[in-house]
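# Fold and geometry: a report
Given next are the chains, with one letter for each unit.
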Amino acid sequence: MKSITIFVMLDACRHDYISRRHTPFLHSLQSSSLSCPVKPTFGFEPDAAYLAGLYPDQADGGAQFWYNPKDSPFKLARFLPKWTNKLPKIPQKIIRKLLLKAVRLSNSAPNLSTAWLPFHLLNQFALPMMNGLDQPGFCPGHKSIFDLLREQNLPWLFHAGPDYRVTINAACKRAKVKLHPPLAFAFFHIGNLDGTGHAFGPHSDEIQTELSHVDHGLSKIYRLANKRFSNVNFVIMGDHGMIEVDHLLNVKEILSALPLSLEKDYMYILDSTMARFWFFSKQAKQLIGHAMKNLQGGHIITKDEKDTFHLNYPHNRFGDMIYLANPGYLIFPNHYQVHRPETGMHGYSSNAYGQQALLLINSERVKHQQLKTPVAMRRVFPSVCDLLDISVPVDCNLPSLLTDLP
Ligand SMILES: [Zn+2]
């Protein structure tokens, strides 16, 4: 018999989702665990925070796309005529699938996506984090939890997309077959709450039903692990929360009213809660800067915020200017939702209550404690290293939550 650390990345699990009624398993587990709200790093891609303890500018991440025509994997897209952008949803989806298939012939990165970027602009953009979370080089120049496991020759089970369906049912099935000694670590990405939260909002009946369903599945994985291993460390973490959308911001309309030409004067990408701009003319910088400054429902990220959120990249690939929507505001249409707006969204300021996620660590090495103060998501990395008895890399000076509570 052996010890295992199970890490469940419960996508979009808000810190206040736990209740006796809808999540009886997690509620009872909480009474013997360390639990607290966790503050994700800024943006949409906080994986490097919990897997390697990194800020966005250390990981060179934070958004799915960046402006990088030289390294764009979508060079093929320039052959698609402009009218393809006007096609209805289904035929466009088919073209996007075919395009991805063609791109994959020369690029095997698992996290490739076109989102809903117009075909003729795709060759201007690349994806900064195309590698799988467990692949070497996920955080170039830094070691992730999987790099450390690799170094120690410790076996792990990895359940995440695109190879595996990120549902609780698929995770349970896989755990039943694969969760056995000598595994030292298991990673499950479970996406049920993200999809339901986007479609119906974080306060809906649908999310309560989904929570009960996920809770039941997690209890099965937990029981199974305790039967097969002598010691189980069980970590549940949401990568962000979910906020009800109650206002829409039409940035596209504002831009099209300006006497500027896209590609010649500027480039932009709308990531639901962020509008990011690259300027190629003084006039574009001035006119767009003025228009966005006057757009109620958000603000342009300041120098102080760049310092606080660690967005001081040595390049401008994430944008010359970033407009961030206030919690509850959704930029629509955007390059992820073009047909209808979502009811719930994340990607707001890390300080927003609903953007914060759940962290629960159950292990005989932690004392029961339910903290109200949020902890930084980067501290999950040294805490998981601690559970695995692996030393953190020398350049990581973050304390583990097992020994040093806030
Ligand atoms: Zn989401």
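Refer to the structure printed above.
In short, a report on the structure. (Residues numbered from 1 in each chain as written. Predicted model: local features only at pLDDT ≥ 70, side-chain atom pairs only at ≥ 80, totals over all residues. Heavy atoms only, no water.)

Okay, the coordination of the zinc ion next. For the zinc ion, every protein donor is listed as Asp194 (OD), Asp194 (OD), His198 (NE2) and His346 (NE2), and the spread of their distances is 2.0 to 2.5 Å. Geometry at the zinc ion is irregular, judged from its 4 donor atoms and the angles of 53 to 148° they form at the metal. On the primary sequence, the residues serving as donors to the zinc ion are separated as D-x3-H-x147-H. In this pair, Asp194 is assigned in helix 7 (residues 192-200) and His346 in the loop between strand 15 (344-345) and strand 16 (357-362), connecting sequence segments 152 residues apart. Of the two residues examined, Asp194 and His346, each falls in the buried class. (Donors = N, O, S within 2.8 Å, 3.2 Å for Na, K, Ca; no water. Tetrahedral: all angles 85-135°; square planar, octahedral: opposite > 155°, others 65-115°. Helix = DSSP H or I, 4+ residues; strand = E, 2+ residues; numbered from the N terminus. Buried < 20%, exposed > 50% of the residue type's maximum accessible area, 1.4 Å probe, protein only.)

With that out of the way, let us pick up the sheet that holds strand 10 (residues 266-270). The strand order across the open sheet built from 4 strands is 10-11-13-12, with neighbouring strands paired in antiparallel fashion. Edge positions in the sheet fall to strand 10 and strand 12 (298-300), since each has one partner strand and no second. Ignoring strand direction, the axes of neighbouring strands in this sheet form an average angle of 15°. Relative to strand 13 (residues 321-325), strand 11 (residues 274-279) runs antiparallel, the two sharing 4 bridges. Its bridge partner being in strand 13, Phe277 is matched across the sheet by Met321. On top of the sheet, helix 10 (residues 282-293) reaches strand 10, strand 11, strand 12 and strand 13; it is set at about 165° to strand 11, its chief contact. (Pairing = 2+ DSSP bridges. Axes fitted to C-alpha atoms, helices over the stretch in contact; angles between N-to-C directions. Contact = heavy atoms within 4.5 Å.)

Right, let's talk about the side chain of His240 for a bit. Inspection of the secondary structure assignment puts His240 in the loop between strand 7 (231-237) and strand 8 (243-244). Looking at His240, its side chain comes within polar contact range of the side chain of Asp239, at 3.3 Å. Among the polar contacts listed, one links the side chain of His240 to the side chain of His346, at a separation of 3.4 Å. Those residues in contact with His240 that lie beyond four places of it in its chain are Asp11, Ala12, Cys13, Arg14, Pro40, Asp194, His346, Gln355 and Ala357. (Polar contact = N/O pair within 3.5 Å; in protein donor to acceptor, adjacent residues only side chain to side chain.)

Summarising burial for strand 6 (residues 185-190): 6 of the 6 residues are buried, a large majority. Burial along strand 6 is two-sided: the residues Phe185, Phe187 and His189 and Ala186, Phe188 and Ile190 are all buried. Once the chain exits strand 5 (residues 156-159) it traverses helix 6 (residues 168-178) before rejoining the sheet at strand 6, and the crossover so formed is right-handed. (Right-handed = clockwise from strand over helix to strand, strands pointing away.)

Together, Lys89, Lys93, Lys97, Lys101 and Arg340 give the surface a local cluster of positive charge. If you trace the backbone, Lys101 turns up in helix 4 (residues 89-104). Classification of Lys101 as exposed rests on a relative accessible area of 61%. (Patch = residues over 30% accessible without salt bridge, like charges linked within 9 Å, V, L, I, M, F, W, Y side chains within 5 Å. Areas by Shrake-Rupley, 256 points an atom, 1.4 Å probe, with all protein chains shown as cover. Salt bridge = Lys/Arg side-chain N within 4 Å of Asp/Glu carboxyl O. Lys, Arg positive; Asp, Glu negative; His and termini not counted. Charge placed at Lys NZ, Arg CZ, Asp CG, Glu CD.)

Next up on the list: unusual backbone geometry. The omega torsion of the bond from Gly161 to Pro162 falls at -5°, within 30 degrees of zero and hence cis. Within the secondary structure, Pro162 sits in the loop between strand 5 and helix 6. The residue after Pro181, namely Pro182, is reached through a cis peptide bond having omega 10°. Among the structural elements, Pro182 can be located in the loop between helix 6 and strand 6. Notably, Asp60 is not glycine yet its phi reads approximately 55°, a positive angle. Looking at the element boundaries, Asp60 is found in the loop between helix 3 (56-59) and strand 3 (66-67). On the basis of relative accessibility, which here comes to 25%, the residue Asp60 falls in the partly exposed class. Of note, Asn153 is a non-glycine position whose phi angle comes to about 55°, a positive value. Tracing the backbone shows Asn153 in the loop between helix 5 (145-151) and strand 5. Judged by relative accessible area, which is 68%, Asn153 ranks as exposed.

Within the largest apolar cluster, 44 residues are counted, with the highest numbers of intra-cluster contacts made by Phe7, Tyr50, Phe187, Met237, Leu359 and Ile361. Elements with a minimum of two residues in this core: strand 1 (3-10), strand 2 (34-39), helix 2 (47-52), helix 5, strand 6, strand 7, strand 16 and helix 12 (380-387). The residues contacting Met237, other than those within four sequence positions of it, are Phe7, Val8, Met9, Leu10, Val38, Tyr50, Leu358, Leu359, Met377 and Val380. Phe44, Leu258, Phe318 and Met321 belong to the second largest nonpolar core, which has 40 residues in total. (Core = buried A, V, L, I, M, F, W, Y, C linked by side-chain atoms within 4.5 Å.)

A few words now on the packing of aromatic side chains. Where two aromatic rings form a pair, the distance of their centres and the angle of their planes describe that pair. Summed over the entire model, instances satisfying the criterion amount to 21 aromatic pairs. Consider the rings of Phe25 and Phe234, whose centres lie 6.4 Å apart with planes at 70°: the pair is edge-to-face. One end of the pair, Phe25, is in helix 1 (residues 24-30); the other, Phe234, is in strand 7, with 209 residues separating them in the sequence. Each member of the aromatic cluster is reached from another via a ring pair, and the members are Phe7, Tyr50, Phe146, Trp156, Phe158, Phe185 and Phe187. Taking NZ or CZ as reference, Arg174 lies 3.5 Å from the ring centre of Tyr164, over its face. Here the guanidinium or amino end of Arg317 rests over the ring plane of Trp66, the centre of that ring lying 4.8 Å away. (Phe/Tyr/Trp six-rings, centres within 6.5 Å; stacked < 30°, edge-to-face > 60°. Lys NZ or Arg CZ within 6 Å of the ring centre and 35° of its normal.)

Turning our attention to the pattern of salt bridges. What the rule picks out here adds up to 8 salt bridges. Asp307 is paired through a salt bridge with Lys303; the nearest N and O atoms lie 3.2 Å apart. Taken together, the positions of Asp307 and Lys303, both in helix 11 (residues 303-309) and 4 residues apart, correspond to about one turn of that helix. Exposure remark for Asp307: the relative accessible area of 34% places this residue in the partly exposed category. The salt bridge partner of Asp386 is Arg365, with a shortest N-O separation of 3.1 Å. Separated by 21 residues along the polypeptide, Asp386 in helix 12 and Arg365 in the loop between strand 16 and strand 17 (369-370) bring together distant segments of the chain.

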